[in-house]
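# Survey of secondary and tertiary structure
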Amino acid sequence: VRRLCRVIKAKGYVCNGGRTICVDKDIFRFQPEDLLFLLGHEAAHVVRHASILPEAGFTTVEQCAAFQEDISIQNRSFMEAEAREWAGRVLLPRRQLEALFDTLAKDYRDYVDILGSDHAAWAFAQMVYVEIGNHFGVRPTIAEVRLRNDNVWQRLPRCTTEILAILGGPAS
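Residues numbered from 1 in each chain as written. Predicted model: local features only at pLDDT ≥ 70, side-chain atom pairs only at ≥ 80, totals over all residues. Heavy atoms only, no water.

In this structure, the largest pocket spans a volume of roughly 520 Å³. Together, 29 residues line the largest pocket, and Gly-12, His-41, Glu-42, His-45 and Glu-80 are the ones closest to its centre. Going through the elements one at a time, strand 1 (12-15), helix 3 (33-48), helix 4 (61-70), helix 5 (73-91) and helix 9 (140-149) are the ones with two or more residues in the lining of the largest pocket. Residue composition of the lining of the largest pocket, grouped by class: 14 nonpolar, six polar and nine charged. (1 Å grid on protein atoms, 1.4 Å probe; cavity = no way out; pocket = protein on both sides within 12 Å on 5 of 7 lines; lining within 4 Å. Points joined across faces, edges and corners; volume = space filled by probe spheres on them. Helix = DSSP H or I, 4+ residues; strand = E, 2+ residues; numbered from the N terminus. Nonpolar A, V, L, I, M, F, W, Y, C, P; charged D, E, K, R; others polar.)

Moving on, we come to the confidence of the model for the protein chain. Per-residue confidence for the protein chain gives a mean pLDDT of 81; residues scoring 70 or more make up 84%. Confidence, expressed as mean pLDDT per element, reaches its minimum in the protein chain at helix 10 (residues 161-167) with 66 and its maximum at helix 6 (residues 94-105) with 94. (pLDDT = per-residue confidence, 0-100.)

Right, let's talk about the pairing of strand 2 (residues 20-23) for a bit. Strand direction decides the pairing type here: strand 1 and strand 2, joined by four bridges, are antiparallel. Its bridge partner lying in strand 2, Val-14 is registered against Ile-21. In this structure, the hairpin formed by strand 1 and strand 2 is closed by a connection of four residues, where Asn-16 is found at a positive phi of approximately 55°. (Pairing = 2+ DSSP bridges.)

Quick look at the packing of aromatic side chains now. For the coordinates displayed, the defined rule picks out three aromatic pairs. Ring centres of Tyr-129 and Trp-153 lie 5.9 Å apart, and the angle between their planes is 85°; on these two criteria the pair is classed as edge-to-face. Here the residue Tyr-129 occupies a position in helix 8 (residues 117-136), and Trp-153 occupies one in the loop between helix 9 and helix 10, the gap between them amounting to 24 residues. The buried category is assigned to Tyr-129, whose relative accessible area is 3%. Each residue in the set Phe-101, Phe-124, Tyr-129 and Trp-153 is aromatic and connected to the rest through ring pairs, giving one cluster. (Phe/Tyr/Trp six-rings, centres within 6.5 Å; stacked < 30°, edge-to-face > 60°. Buried < 20%, exposed > 50% of the residue type's maximum accessible area, 1.4 Å probe, protein only.)

Right, dumping it as structure tokens:
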């Protein structure tokens, strides 16, 4: 769908009773790494929010826009956050994420030796976000959110409260 983002301020939406996901063709021609996450996000709406979607579904962008306007800001914010979280969990499964992280964590000591402890955690984190994002075909920011939300950083050998503070994760 061309110019979808301009019409409903969204990159995609679910239509035809959850049987079709429409995306803004213009956006994904230039940002293909976002397409996988968007499809996961919209699939989450089908799975998690089917009970509130119109049974007949949307057949036009305008119907989708009208539906979005009828939902309270609080409910819409909740639905969007839940869809983002669900998509992240589906696209970056916990076991695979942890296994890849553990492999990458073996290099952490090298970062400390080269950069010193003050800069090692931040530099290592940036490398991890990029490597995990590339591995799963998503943006590094998606990897960052998954690692933080699931406390994966605590698996890092010799992970201290200071390191977790730098990485944005909760201290143990």
